[in-house]
Amino acid sequence: QMVLSEKVNQLMEWASKRSVIRMNGDKFRRLVKAPPRNYSVIVMFTALQPHRQCVVCKQADEEYQILANSWRYSSAFTNKIFFAMVDFDEGSDVFQMLNMNSAPTFINFPAKGKPKRGDTYELQVRGFAAEQLARWVADRTDVHIRVIRPPNYAGPLMLGLLLAVIGGLVYLRGSNLDFLYNKTGWAFAALCFVLAMTSGQMWNHIRGPPYAHKNPHTGQVNYIHGSSQAQFVAETHIVLLFNGGVTLGMVLLHEAATSDMDVGKRKIMCIAGIGLVVLFFSWLLSVFRSKYHGYPYRY
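Residues numbered from 1 in each chain as written. Predicted model: local features only at pLDDT ≥ 70, side-chain atom pairs only at ≥ 80, totals over all residues. Heavy atoms only, no water.

Just to check I follow, could you spell out the state of the cysteines for this structure?
Here, disulfide denotes a covalent bond that connects the sulfur atoms of two cysteines. Overall, the coordinates contain one disulfide when judged by the stated rule. Two residues, Cys54 and Cys57, share a disulfide whose sulfurs are 2.1 Å apart. Across the S-S bond of Cys54 and Cys57 the torsion is about 70 degrees, and the bridge reads as right-handed. Of the residues examined, Cys54 reaches a relative accessible area of 14% and is grouped as buried. (Disulfide = S-S within 2.5 Å. Buried < 20%, exposed > 50% of the residue type's maximum accessible area, 1.4 Å probe, protein only.)

What should I look at first to understand the pattern of salt bridges in this one?
Opposite charge on two side chains permits pairing when their charged atoms draw close. Taken as a whole, this structure holds nine salt bridges when the rule is applied. For Asp119, the salt bridge is made with Arg140, and the minimal N-O distance between the two is 3.0 Å. With Asp119 in the loop between β4 (105-109) and α5 (123-126) and Arg140 in helix α6 (residues 130-141), the pair connects residues that are 21 residues apart, well separated along the chain. Judged by its relative accessible area of 3%, Asp119 is buried. For Lys291, the salt bridge identified is with Glu235, shortest N-O distance 3.1 Å. Of this pair, Lys291 sits in helix α11 (residues 263-291) while Glu235 is found in helix α10 (residues 233-258), placing the two residues 56 residues apart along the sequence. Under the relative-accessibility criterion, Lys291 is labelled buried at 11%. Here the residues in one salt-bridge network are Glu63, Glu131 and Arg149, joined through shared partners. (Salt bridge = Lys/Arg side-chain N within 4 Å of Asp/Glu carboxyl O. Helix = DSSP H or I, 4+ residues; strand = E, 2+ residues; numbered from the N terminus.)

Explain unusual backbone geometry here, please?
With glycine set apart, most residues show a phi of negative sign, and most peptide bonds adopt trans. That bond from Pro35 to Pro36 is cis: its omega, 0 degrees, falls within 30 degrees of zero. Between Ala103 and the following residue, Pro104, the backbone shows a cis peptide bond with an omega angle of 0 degrees. Mapped onto the secondary structure, Pro104 falls in the loop between α4 (92-97) and β4. Unusually for a residue other than glycine, Asn99 sits at a positive phi of about 55 degrees. Mapping Asn99 onto the fold places it in the loop between α4 and β4. At Asp142, a residue that is not glycine, the phi angle is positive and equals roughly 65 degrees. Within the element layout of this structure, Asp142 appears in the loop between α6 and α7 (154-173). By relative accessible area, which is 61% here, Asp142 ends up exposed.

Printed below as a string of C-alpha cells:
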C-alpha cells in the first residue's frame, strides 16, 4: 500500500507540472508496468526528434496535448488516469520490450491486468483528433473527457477579411452589381464546393487523419490508404484532382457540342475532353480498386 501511494503521489506531482508525463525506460517499468497499480495510464509512443522526420508524430502530439490538458484542467480531474509519453530516443528499450516498430502508437495500460487488443488505439482507422482519442479513452477507462481546444482566431479573421473584400468590391462598383449575377462565377464556386465535399474533405475535418503514411522499415510513403474504412489527407487531394479532371473533360465536351467556334477548334476540344475523361476516370477507378480489394471491373 505504501508503494502504491508513493507511485500515485509521484504521478500526481508530475501531472501538476505537465499534463503529459515524459517517461524513459526506468519510469515506464516502475510506474506503468510494475504492480501495484490502481490507475490507468494512456501512453503515446512516438518519435519527435527532428532527425526522425516523423511529421505524423508532431501532428498527433498536438492533439494528444489538447486531450491531456482538457483532462488536467477539468473539474473532474482525478488520479484514476494519467497521460504519458515515451519517445523512441529516450526509451528505445521500451519499444523493444513491447515489440513496437511504428510510431505514433497509443496504448491504454489498465489499472488491473495487461492491455487487451482494444487497448491499442486504431490510429489508421480513427485518426488522431483529440475528440476521437477522448471517445476511445472513455470506452477503455469509463473516464469521460470534454475536449476544450485553445481559441482559434483564424476562422473569424478569414471571415472578416472576406466580408471586407466583398464590402470593398461593392463600394468600388457602386450601383453596378451585375457581377453578383455572373452565372459562371457562381457555377465555379459551387463546383469547387462540390468537389471538396465529394473528395472527403469533411471526413478529414471530423476524423483528423494523417497526411500520409511512411513505412518505418522501407521508408516508402503511402498516399492512398489500403482500407475502405479510412483515408489520408493526401488521398483527398488526389481524388479532388481526379474529379476535377473528369469535370473539365465533360465541360470541354459540352462546349465542343454547343459552341459556335469553327469545326477545327471544336474537334480539338472534343478530343481533349475525351482524353481528360478517359485518363482521370481510369486513375480514379484505380484508387477505388486499391481500397476495395477484389473489385472486378477495370476501365
